[in-house]
Amino acid sequence: MSCLTSGVSVSCSTSCSGGLNKFWLASIGDITSLTFTSGELTAITMNGVAKFYEFTPYQETGSWVEAGERVNCNTVVTQTLTGVFPCHSQDVKDAIDELKACCCGFVVIHEENNGSRWIWGVPQSLSNNGVHFPAQLTAFETTTGTAINDQNQASITLVSRGTALAWPVDPAVVIPV
């Protein structure tokens, strides 16, 4: 029996700008339900007045990587988002403190510089597509640099693991912020 149902073709005009524009985080407990239609997020329902919080990293410093391993016919997908925020400030420190304090994790929606949006860190309670764990803050660093023209910045890293790739977000979906 064949495992394949389609291939991938790339034309000479296929191009997508790289980089991460911004991302939104919501605590797991703040989301009532997510609706997926044909493998795409089509609706978000929040608990009461809960919302997603927007983070916009400094230009050309945000990235997202989705990497998979396959061993013994089992797949593990690791999704990693890194964002850099210029200038060590009380606002950035407070945001890092809140990320550190949230042990239950986050659902993440990120927007790439090409305009596409993707959702990941979706736990099994909100999706019936494989095993997933919420995104967690796994690393952060604040540095002043050494020279006067060095970047004074804070960086964060969010990681999620599961068995499926991120899902695209329908362009019509309004993220509750």
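Remember, predicted model here, so these are calculated numbers, not experimental data. (Residues numbered from 1 in each chain as written. Predicted model: local features only at pLDDT ≥ 70, side-chain atom pairs only at ≥ 80, totals over all residues. Heavy atoms only, no water.)

(A) Geometry of the layout of surface pockets. A volume near 190 Å³ is recorded for the largest pocket. Of all the secondary structure elements, the ones that give two or more residues to the lining of the largest pocket are β1 (20-27), β4 (53-55) and α1 (90-101). Split into classes, the residues belonging to the lining of the largest pocket amount to 8 nonpolar, 1 polar and 4 charged. (1 Å grid on protein atoms, 1.4 Å probe; cavity = no way out; pocket = protein on both sides within 12 Å on 5 of 7 lines; lining within 4 Å. Points joined across faces, edges and corners; volume = space filled by probe spheres on them. Helix = DSSP H or I, 4+ residues; strand = E, 2+ residues; numbered from the N terminus. Nonpolar A, V, L, I, M, F, W, Y, C, P; charged D, E, K, R; others polar.)

(B) Spatial organisation of the side chain of S127. In this fold, S127 is placed in the loop between β8 (117-120) and β9 (136-143). If we skip the residues at most four places from it in the chain, S127 touches F36, V122, H132 and W167. (Contact = heavy atoms within 4.5 Å.)

(C) Seen up close, empty space enclosed by the protein. What the rule picks out here adds up to 1 cavity of 30 Å³ or more. Around the largest cavity sit Q79, W120, G121, V122, H132, F133, S160, R161, G162, A164, L165 and W167, which together line it. Considering each element in turn, the lining of the largest cavity owes the most residues, 3 residues, to strand β10 (residues 153-162).

(D) Just the pattern of salt bridges, in detail. One pass over the full model with this rule turns up 2 salt bridges. A salt bridge links K93 to D97; the nearest nitrogen and oxygen atoms lie 2.5 Å apart. Of the two residues, K93 and D97 both sit in helix α1, 4 residues apart, roughly one turn of that helix. Via salt bridges that share partners, K93, D97 and K100 belong to a single interconnected network. (Salt bridge = Lys/Arg side-chain N within 4 Å of Asp/Glu carboxyl O.)

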